[in-house]
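# Inside the fold
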Amino acid sequence: MTTPADGIPDQLRTDVFAANPQLRSYWYAVARATDVAPGPVGVAVLGERLVLWRGSRGAITAAPDRCPHRESPLSPGEVEDGCIVCPYHGWTYEEGGRCVRVPSSDPGTPVPSKAHLRTVHVTERYGLVWVCLGEPVAGIPEIPQDDDPSFRRINNPVEVWATSATRMTDNFVDITHFPWVHTGTFGRRQSTFVPKVELEDLDGFFFGYRYEVEVNNPDHASVTSGSTAKVLTRQMSSGFNLPFAVRSTVAYETGLEHIIFMLSTPIDDVTSYFTFVIWRNDDFSVSAEEVIQFDRAIGAEDKRMLERIPGVLPIENTGTVSAPADKASVEWRRRFGGLLKG
Ligand code: FES
Ligand SMILES: [Fe+2]
């Protein structure tokens, strides 16, 4: 089974931004809820390895992936009756992290208090498992369509990308790469010009811009767009929610709306989880799997491009050159730099 642990490097690099203490106060998506059934699943965020498992009452516990006894990772262990059992000497931890069994000791012997796991905040939302290493200063962004019965939600696997979450977020609010990177999907090399970008608070959760874009609609896109026209005009918006969440909205002339919530989670400075969640108000007649094929192909185009670029995106805007159409990504970077300074 592919789990979110696959692709995590042995050595985690956190010398540029991933170890910044400010980032510990935000929520990060690290797995699909269905990946932890019951686990254990090893993940990493901001350079720290965690183990996730689901207890007998259904709640997930997230804790450092290190057994306090002799430091074995817990994620190769097993979940038994809602408890995680360390694979080295069998010390056993219940939901919430309390050590409840030391197999080598007489059952009456008290468990040392230092044996309990120091858990971190974990919650489930939008079909994803989110963790926060510190005390949260902001909630998970609201997507009102999640409560709207005319929309359905489609989740995707969590992938590991060999690129920095800084480059991913910059890319996800950038529309000027569409005609260059997305030529295998919707990008039109004929439509490269971007009219003046006006940034605004889109709805209290995402800051960005609205725009109209002409896109190719090849045959394999018709399931997603709901149209067989060769070229379509989409009304779109793209906006970010610090530090690394991006939402794009797409509205077609047919009334079809397609929301794409793109999440980049730093595993370390230059390795990240990527997942996206779709909400759409179609007639639910096409299978979820078919609907998301096209978006997956778009994501693969971004991944291929970003994995060619080494290192972290310079945090200061002066480290790169920008054009007027890059206004949203310039603003994201300005605010992200401010967040890191605290
Ligand atoms: S290292 Fe986990 S039980 Fe010994
Ligand atoms: Fe892209």
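For clarity, every value in this text was computed on a predicted model and none was experimentally measured.

### A closer look at the coordination of the iron ion (ligand 2)
- With distances of 2.1 to 2.5 Å, the protein atoms coordinating the iron ion (ligand 2) are His177 (NE2), His182 (NE2), Asp302 (OD) and Asp302 (OD).
- Its 4 donor atoms give the iron ion (ligand 2) angles of 56 to 146° at the centre, a pattern that matches the irregular case.
- Counting residues between consecutive donors of the iron ion (ligand 2) along the chain gives the motif H-x4-H-x119-D. Taken together, the positions of His177 in the loop between α1 (165-172) and α2 (178-181) and Asp302 in helix α4 (residues 288-306) put the pair 125 residues apart, joining distant regions of the chain. For the pair formed by His177 and Asp302, the shared burial category is buried.

### So, unusual backbone geometry
- The omega torsion across Ala37 and Pro38 is 5°, close enough to zero to call that bond cis.
- Assignment of secondary structure puts Pro38 in the loop between β1 (28-32) and β2 (41-45).
- Look at Leu46: it is not a glycine, yet its phi comes out positive at around 50°.
- Of note, Phe284 is a non-glycine position whose phi angle comes to about 65°, a positive value.
- Inspection of the secondary structure assignment puts Phe284 in the loop between β18 (271-280) and α4.
- A residue is classified by how much of its surface remains accessible, and Phe284, at 41% relative accessible area, is partly exposed.

### A few points about the side chain of Asp170
- Looking at where Asp170 falls in the secondary structure, it is placed in helix α1.
- Despite being buried, Asp170 has no salt bridge partner; Arg333 is the closest side chain of opposite charge, sitting 4.7 Å away.
- Not counting chain neighbours up to four residues away, the residues in contact with Asp170 comprise Leu313, Ser329 and Trp332.

### Details of the packing of aromatic side chains
- As enumerated under the stated definition, the model contains 18 aromatic pairs in all.
- Seen from their ring centres, Trp161 and Phe274 are 4.4 Å apart, and the 35° between their planes marks the pair as tilted. Placement of Trp161 in strand β12 (residues 159-161) and of Phe274 in strand β18 is noted, with a sequence separation of 113 residues between them. Of the two residues examined, Trp161 and Phe274, each falls in the buried class.
- With a centroid separation of 5.8 Å and 25° between ring planes, the pair formed by Phe274 and Phe276 is classed as stacked. Each member of the pair, Phe274 as well as Phe276, is classed as buried.

Conventions and cut-offs
Residues numbered from 1 in each chain as written. Chains lettered and ligands numbered in written order. Predicted model: local features only at pLDDT ≥ 70, side-chain atom pairs only at ≥ 80, totals over all residues. Heavy atoms only, no water. Donors = N, O, S within 2.8 Å, 3.2 Å for Na, K, Ca; no water. Tetrahedral: all angles 85-135°; square planar, octahedral: opposite > 155°, others 65-115°. Helix = DSSP H or I, 4+ residues; strand = E, 2+ residues; numbered from the N terminus. Buried < 20%, exposed > 50% of the residue type's maximum accessible area, 1.4 Å probe, protein only. Lys, Arg positive; Asp, Glu negative; His and termini not counted. Salt bridge = Lys/Arg side-chain N within 4 Å of Asp/Glu carboxyl O. Contact = heavy atoms within 4.5 Å. Phe/Tyr/Trp six-rings, centres within 6.5 Å; stacked < 30°, edge-to-face > 60°.

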